[in-house]
Amino acid sequence: MSKGPLVTRTELRRRKEEADKEAQRLFEQEQKEADKEYRKKEKEISNFYRKEHKKQKEVTKSRSNEQTKIRERSNTLTKAIIVVGILLAIVIFIVLNL
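In this text, all values refer to a predicted model and were calculated from it rather than measured experimentally.

The rules behind the values
Residues numbered from 1 in each chain as written. Predicted model: local features only at pLDDT ≥ 70, side-chain atom pairs only at ≥ 80, totals over all residues. Heavy atoms only, no water. Patch = residues over 30% accessible without salt bridge, like charges linked within 9 Å, V, L, I, M, F, W, Y side chains within 5 Å. Areas by Shrake-Rupley, 256 points an atom, 1.4 Å probe, with all protein chains shown as cover. Salt bridge = Lys/Arg side-chain N within 4 Å of Asp/Glu carboxyl O. Helix = DSSP H or I, 4+ residues; strand = E, 2+ residues; numbered from the N terminus. Buried < 20%, exposed > 50% of the residue type's maximum accessible area, 1.4 Å probe, protein only.

A.B. asks: I tried to follow a nonpolar patch on the surface on my own but got confused; where do I start?
C.D. replies: On the surface, a cluster of nonpolar side chains totalling about 860 Å² of accessible area is made up of I82, V83, I86, L87, I90, F93, I94 and L98. Tracing the sequence through the fold places L98 in the segment after α2 (63-97).

Written out as structure tokens, the structure is:
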């Protein structure tokens, strides 16, 4: 018969701790590689958009500014039309009375 267990609890615990440490080391290594790949991809993306940003001119217009300009232009044109209409009415009145 056997004199004792083939593997003791302390041996099992030690093996389990070693397996956990190995798994943790592998996980950290994979995480490091994934992080490195992520940074590389992120850098490629940022370089692409930096180039695109350089191609585009800086936007100096806004909708509200454009609407204000259109409103002012519209008011000026309306006033000009009213003045021309009044002058035309005066000219027609003078021509018909002669």
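Right, picking up where we left off after that structure.
A.B. asks: It is not clear to me how the environment of R25 should be interpreted in this structure. Could you clarify?
C.D. replies: Of note, R25 is situated in helix α1 (residues 9-55). A residue is classified by how much of its surface remains accessible, and R25, at 43% relative accessible area, is partly exposed.

A.B. asks: How should I be thinking about the pattern of salt bridges in this particular structure?
C.D. replies: Per the stated rule, a full pass over the model turns up 6 salt bridges. As a salt-bridge pair, E66 and K69 come within 3.8 Å of each other at their nearest N and O atoms. Note that E66 and K69 are positioned in helix α2 at a spacing of 3 residues, about one turn of the helix. Given a relative accessible area of 45%, K69 falls into the partly exposed group.

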